[in-house]
Amino acid sequence: MSVTQIVAHWFQGSGNQYSTIDINVASIPVFVTTVLHGTAGQGTSYAGIRSYRRRPPSGPDQDVDFGGWTTWPPALFDRMTRITLGTATTGNQTAWLLGRFDFWE
């Protein structure tokens, strides 16, 4: 297997909430890495993978939800069709997330 394409997405979230972005991807193996690349304000901020839709070799797609922000992983490798990246912020905090997608064949 080799990497056929590398794509990056970024976004920001602020306030006392989760902010998410859904990204649809081709149904091939994908390695996703997230990083919290900046914050502003006081409080807690976190970035990671909130959920994804797994495409197994046989059978229907499976939704995988990682629950609350303290259990969001920073990286994931699987065959998927959708991934949800998220930031969790408190108070008057702003957080910026960068997600890198390595597509494999």
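What comes next concerns the included structure. (Residues numbered from 1 in each chain as written. Predicted model: local features only at pLDDT ≥ 70, side-chain atom pairs only at ≥ 80, totals over all residues. Heavy atoms only, no water.)

## A closer look at the pattern of salt bridges
Spelled out, the test is: Salt bridge, as used here: a side-chain nitrogen of Lys or Arg that lies within 4 Å of a carboxyl oxygen of Asp or Glu. Using a 1.4 Å probe on the protein chains alone, a residue whose accessible area is under 20% of its type maximum counts as buried, one over 50% counts as exposed, and one in between counts as partly exposed.
A full pass over the atoms with the stated rule returns five salt bridges. Linking arginine 100 and aspartate 102 is a salt bridge whose minimum nitrogen-to-oxygen distance equals 2.7 Å. Arginine 100 sits in the partly exposed class, given a relative accessible area of 39%. Through salt bridges with shared partners, a single ionic network connects Arg53, Asp63 and Arg82.

## With respect to the nonpolar core
The test is simple: We call a set of buried residues a nonpolar core when its members are Ala, Val, Leu, Ile, Met, Phe, Trp, Tyr or Cys and they connect through side-chain atoms within 4.5 Å of each other. Counting from the N terminus, the helices are the DSSP runs of H or I reaching at least four residues and the strands are the DSSP runs of E reaching at least two. Note on contacts: a residue pair qualifies if any of its non-hydrogen atoms lie within 4.5 Å across the two residues.
Val25, Val30, Val32, Met80, Ile83, Leu85 and Phe101 are the most contacted members of the largest nonpolar core, which totals 15 residues. Of all the secondary structure elements, the ones that give two or more residues to this core are β3 (29–40), β4 (45–54), β6 (75–89) and β7 (94–104). Among the elements that make up this core, the one with the highest residue count is β6 (four residues). Apart from residues lying up to four places away in sequence, isoleucine 83 is in contact with Ile21, Asp22, Ile23, Val32, Ile49, Ser51, Tyr52, Leu76 and Phe101.

## A short note on the packing of aromatic side chains
The description of two aromatic rings rests on the distance between their centres and on the angle between their planes. How we decide: Only rings of Phe, Tyr and Trp enter the pairing, Trp through its six-membered ring, and a pair is recorded when the two centres are within 6.5 Å. The plane angle decides the type: under 30 degrees is stacked, over 60 is edge-to-face, the rest tilted.
Under the defined criterion, the tally for this structure stands at six aromatic pairs. A ring pair is formed by phenylalanine 77 and tryptophan 104, whose centres lie 6.2 Å apart and whose planes are at 85°; its orientation type is edge-to-face. Here tryptophan 104 lies in strand β7 and phenylalanine 77 lies in strand β6, a separation of 27 residues in the sequence. The rings of Tyr18, Tyr46, Trp69 and Trp72 are connected pair by pair, giving a single aromatic cluster.

## A short note on the side chain of threonine 84
Spelled out, the test is: In protein, a polar contact requires one atom able to donate a hydrogen and another able to accept it; more generally it is a pair of N or O atoms within 3.5 Å, and residues adjacent in sequence count only if both atoms are side-chain atoms.
Secondary-structure assignment places threonine 84 in strand β6. Reaching out from threonine 84, the side chain makes a polar contact with the side chain of aspartate 22 at a distance of 2.4 Å. Look past the residues within four positions of threonine 84 in its chain and what remains in contact with it is Thr20, Ile21, Asp22, Gly48, Ile49, Arg50 and Ser51.

On their own, these measurements won't tell you what the molecule is for.
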